Amino acid sequence: MEGKKKITWSHIELLVTAIADIINNKGVKYDTIIALGRGGLIPGAMLSYKLDIKNLQNFGINTRHDDGKYLETLVYQKPSAITGNVLVVDDINDSGKTFESINSLIKSEYSNVNELMYCSLTTRYNTTFLNENTISGEIINTSDWLVFPWDK
């Protein structure tokens, strides 16, 4: 990573609004938001209000050590039941590893999911998880470490 880039609350609000607009334009009504803990919890809650999705679940997962190096996927908490159209939310789609892990877990353990969409406030340009089922508030072309307002 080159340096650090601080993200402001006003920029977060713009990104959440952009994502909500994209989702509304798709015309799909989502039944559940799965917010990936910890980074996706705040944007997930913000989207639940903007999209009027009352079923907000936490999926606790970690794919990095504190030093930023990748580790085997560690799941802390999983929702007991997920059905219908599901929106998975995180703060950043960085390498794609977290979304890849969640995608694999959901497809193997939850058979009642119809539509599965992934969204992040930001997506790094070289992520490995970017397809027709991903939405991003912005795609960034930097290797700077992003510091969100809720980060320490």
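The following paragraphs examine the structure supplied in this document. (Residues numbered from 1 in each chain as written. Predicted model: local features only at pLDDT ≥ 70, side-chain atom pairs only at ≥ 80, totals over all residues. Heavy atoms only, no water.)

Some remarks on the pattern of salt bridges
Applicable threshold: Here, a salt bridge means any Lys or Arg side-chain nitrogen found within 4 Å of an Asp or Glu carboxyl oxygen.
Scanning the entire structure with this criterion turns up 3 salt bridges. The residue K54 makes a salt bridge to D52 at a minimum N-O spacing of 2.6 Å.

Some remarks on the nonpolar core
Stated formally: Put simply, a nonpolar core is a bunch of buried Ala, Val, Leu, Ile, Met, Phe, Trp, Tyr and Cys residues held in one set by side-chain atoms that sit within 4.5 Å of each other. Using a 1.4 Å probe on the protein chains alone, a residue whose accessible area is under 20% of its type maximum counts as buried, one over 50% counts as exposed, and one in between counts as partly exposed. Only runs of H or I of at least four residues qualify as helices and only runs of E of at least two qualify as strands under DSSP, and these elements are numbered from the N terminus. What makes two residues a contact is simply this: any of their non-hydrogen atoms within 4.5 Å.
In terms of nonpolar packing, the biggest core is built from 24 residues, with I12, L47, L87, L121 and F148 touching the most fellow members. For this core, the secondary-structure elements that each account for two or more residues are α1 (9-26), α2 (41-50), β5 (84-93), β6 (113-124) and β7 (134-140). Not counting residues up to four positions away in its chain, the partners in contact with F148 are I7, I12, D91, I92, L121 and T122. Core analysis: the next-biggest nonpolar cluster, separate from the first, contains 16 residues, F59, I102, L105 and F129 among them.

Details of the environment of E132
Examined against the element boundaries, E132 turns out to sit in the loop between β6 and β7. Taking relative accessible area as the criterion, E132 reaches 64% and is therefore assigned exposed. Along the backbone, E132 and M117 are 15 residues apart, and their C-alpha atoms lie at a distance of 8.6 Å.

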